[in-house]
Protein chains: 2
Amino acid sequence: MTAEAPVSAEGQKALPVALDAMGGDHGAAPNVEGAVLAARAGVSVLLVGDRVKLHAELGKHAGSATLPIEVVEATDVIGMDEHASDVRRRTQASINVATRLVKEGRASAAVSMGHSGATMASALLTLGRIPGVERPAILAHLPARGGFTTMLDVGANADVKASYLAQWARLASVYLRVVEDRENPTVGLLSIGEEDHKGNALVLEAHGLLRELHGRGVNFHGNIEGRDVFMGTTDIVLTDGFTGNVVLKLAEGEAKVLFGWVKEALSSTLKSKLGGLLVRGSLRSLADRMDPSTYGASLLIGVKGLAFIGHGSADARAVKNALLRAARAHDAKLVPRLEAAFQEQSSLN
Amino acid sequence: MTAEAPVSAEGQKALPVALDAMGGDHGAAPNVEGAVLAARAGVSVLLVGDRVKLHAELGKHAGSATLPIEVVEATDVIGMDEHASDVRRRTQASINVATRLVKEGRASAAVSMGHSGATMASALLTLGRIPGVERPAILAHLPARGGFTTMLDVGANADVKASYLAQWARLASVYLRVVEDRENPTVGLLSIGEEDHKGNALVLEAHGLLRELHGRGVNFHGNIEGRDVFMGTTDIVLTDGFTGNVVLKLAEGEAKVLFGWVKEALSSTLKSKLGGLLVRGSLRSLADRMDPSTYGASLLIGVKGLAFIGHGSADARAVKNALLRAARAHDAKLVPRLEAAFQEQSSLN
């Protein structure tokens, strides 16, 4: 955005990422700390929110004045308990200011740990949809054998049509190729049996559409089951926003409860307590891997611009990782490449 | 099933449980071994299948001749890859013989680790539905904080109506009271937010029906999220058979992958290897708790008789636990009490 902005790999001036710095359960503190961490890692950030509060938070971090961080004033914030529909009239809300910065080309992406519904609504209203995409979806990463699984939709659309699923398969395939360097990523349609004829009415219809798309930007593996998500059977897990949201929250809840039980087991006897001390370090790195903070935030894919939606409970590490992911998606020219893919496809039809 | 009607621990003759002894991925061996274990624990069993094979398997278990186990001939078996619809014409298939034994009052329950769809179809065709129940559901237990969670439907109905969910809430509430001694069990409707207005169209409609049932045989807690399943927030998790099946298989897959990672972590360094030896025993009992074999099989609830459906991969321990659960459900007079609850309710309307 400015003269002191870092420069990207291709020699262009890198745009800063706009962070809704007031969003989330814990207000400005983790947002500002995450921005400081990201800036130290080379990503420039626009902190959007209450100027006085944000400068006060920045002041707590030694050397932050020399980092590529600027504050952009927003006089309002949509609270976690308020209505997503407030986005329309509260134009000065921090999330709206952040998405406008993207729309105006002054920021590369908008990131918010605040109200998920408001972030979605603001991104959709301000940035609009990529032509050919009926509904944007939320794309999230989950830990899985061999690395991670990419799942969508994890909550933007509770009721969906088969055509949405087909479009999301194309969007996610481009995303993995462009941002995560996965060649020809496989797409699995989440169902209740691997056989083509198993599933609910939605899945049966989507299965047909995906078969048609196979080899045309989508590497369709076929139906997969719940157990395949953690097995990492396919790169992409395609599902409606109801099932996807249930799955995401179940996966997080189960990991939390299981690790709690492992901890209990490690302190149940004197022998296991002693053993527990020895294995603590190894288990901690595993717990980190399961921690949603590792992936920072989820991408709202299908809008004409980059928008990332994180957990309200995000800590500084999650904020930092979200900002790095946002910068990476922008460097990879994700949105123009999604637009191009949908343009090619429609010219084929 | 009236004249020689089933009976209880109150001094009457206990009916045997009919086991489809040919069903499952591993054929007769784990079924017969499981039956021997159950019989030693006091449950009498009818082994249904190929007489010669079953006697040969029984012969491998010392002292089995003195146990309350009988063989009932069935000349056919529906293989795991065959069609569930075959149930209609293949009247001599082991699963059909087993459900007929229940219908005729000669067995307390039918248990099968074989073809799930065939078991459901056979139970429904042979036993019929409880009046007032539109569709039976599969009810399963999952490990959760504080013990276990009861979830339904986990796969009988991929597309459902709100009225089914309301009926399942009533069925599962009776089940937990009668079989598991849970007073006034709470019912949570699986959704994508706790707020009443969040969910897909099905959940929104079901929410209204459940509000009306609250205090009339159903203790409706409200909407719950994916994370609540393992937290054990409610006794009962109510969902459609598509979401429930995905959740069940995801939960099993995740536990398997996580325990695999824990094992890896425990052998990553010399220090953690040493610690791993010390904690092995404690972790093994935790792994047992997560093992689906612990619960043996799932109950097909809503049919006019007891039918249990297990994993094709079931081992002898799973078969044994399924037989014990079946006997317990019969001793608790589950089916007559479900029928009574639905009769009362309809006379109220």
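These numbers were taken from a predicted model, which means no experiment stands behind them.

**Student:** Before we move on, could you go through the relation of the copies chain B and chain A and cite the residues and values that matter?
**Tutor:** These two copies of the chain differ by a rotation about an axis and a displacement along the same axis. Rotating chain B by 180 degrees and moving it 0.0 Å along the rotation axis overlays it on chain A with an RMSD of 0.0 Å. Both copies are brought into coincidence by an operation consistent with a two-fold rotation axis. Across chain B, the rotation axis passes nearest the C-alpha of Gly275 of chain B, at a separation of 2.0 Å. When the interface residues of chain B are mapped onto chain A, 100% of them again fall at the interface, so both copies present the same face.

**Student:** Which residues make up the sheet that holds strand E8 (residues 219–224) of chain B, and what are the values?
**Tutor:** Residue and element names in this part refer to chain B. With respect to topology, eleven strands assemble into an open sheet ordered E3-E2-E1-E4-E11-E10-E5-E6-E9-E7-E8, the strand pairing being mixed. Only two strands of the sheet have a single neighbouring strand rather than two, namely strand E3 (69–73) and E8. The average angle at which neighbouring strand axes cross in this sheet is 30 degrees, direction not considered.

**Student:** Describe in detail helix H10 (residues 316–331) of chain A, supporting the description with residues and values.
**Tutor:** All names here are of chain A. Over its 16 residues, H10 runs 23 Å from end to end, which matches the ideal 22 Å to within 8%, given 1.5 Å per residue. For H10, the full list of buried residues reads Ala316, Ala318, Val319, Asn321, Ala322, Leu323, Arg325, Ala326, Ala327 and Ala329. Following H10 by one or two positions, Lys333 adopts a phi angle in the positive range, close to 55 degrees.

**Student:** Got a sec to walk through the side chain of His207 of chain B? Specific residues and values, please.
**Tutor:** Within the element layout of this structure, His207 of chain B appears in helix H6 (residues 201–213). Excluding anything up to four places from it in sequence, His207 of chain B contacts Leu189, Asp196, Phe220, Gly222 and Asn223 of chain B.

**Student:** Would you mind going over the interface of chain B and chain A in detail, with residue names and values included?
**Tutor:** If you look at the interface, chain B gives 53 residues, while chain A gives 54 residues. Both faces combined, the contact of chain B with chain A buries some 4,700 Å², and carbon together with sulfur accounts for 75% of it. Across the chain B-chain A interface, the total number found is two salt bridges. Between Glu225 of chain B and Lys249 of chain A there is a salt bridge, and its shortest N-O distance comes to 2.3 Å. Summed over the shared surface of chain B and chain A, the result is eight residue pairs in polar contact (both at pLDDT 80 or more). Mapped onto the side of chain B that touches chain A, the elements with two or more residues apiece are strand E5 (137–144), H6, helix H7 (226–231), helix H8 (241–265) and helix H9 (270–290) of chain B. Tallying contributions element by element places H8 of chain B first for the side of chain B that touches chain A, with 19 residues. For the side of chain B that touches chain A, the residue count by class is 28 nonpolar, 15 polar and ten charged.

**Student:** Can you explain the environment of Met80 of chain B? Please cite residues and give values.
**Tutor:** Residue and element names in this part refer to chain B. Along the chain, the position of Met80 falls in the loop between E3 and helix H3 (94–103). Given a relative accessible area of 34%, Met80 falls into the partly exposed group. Through-space distance from the C-alpha of Met80 to that of Gly24 is 7.2 Å; in sequence the pair is 56 residues apart.

Conventions and cut-offs
- Residues numbered from 1 in each chain as written.
- Chains lettered and ligands numbered in written order.
- Predicted model: local features only at pLDDT ≥ 70, side-chain atom pairs only at ≥ 80, totals over all residues.
- Heavy atoms only, no water.
- Least-squares fit on C-alpha atoms with pLDDT ≥ 70 in both.
- Contact = heavy atoms within 4.5 Å.
- Pairing = 2+ DSSP bridges.
- Helix = DSSP H or I, 4+ residues; strand = E, 2+ residues; numbered from the N terminus.
- Axes fitted to C-alpha atoms, helices over the stretch in contact; angles between N-to-C directions.
- Expected span 1.5 Å × (residues − 1).
- Buried < 20%, exposed > 50% of the residue type's maximum accessible area, 1.4 Å probe, protein only.
- Buried area = accessible area lost by both parts, 1.4 Å probe.
- Salt bridge = Lys/Arg side-chain N within 4 Å of Asp/Glu carboxyl O.
- Polar contact = N/O pair within 3.5 Å; in protein donor to acceptor, adjacent residues only side chain to side chain.
- Nonpolar A, V, L, I, M, F, W, Y, C, P; charged D, E, K, R; others polar.

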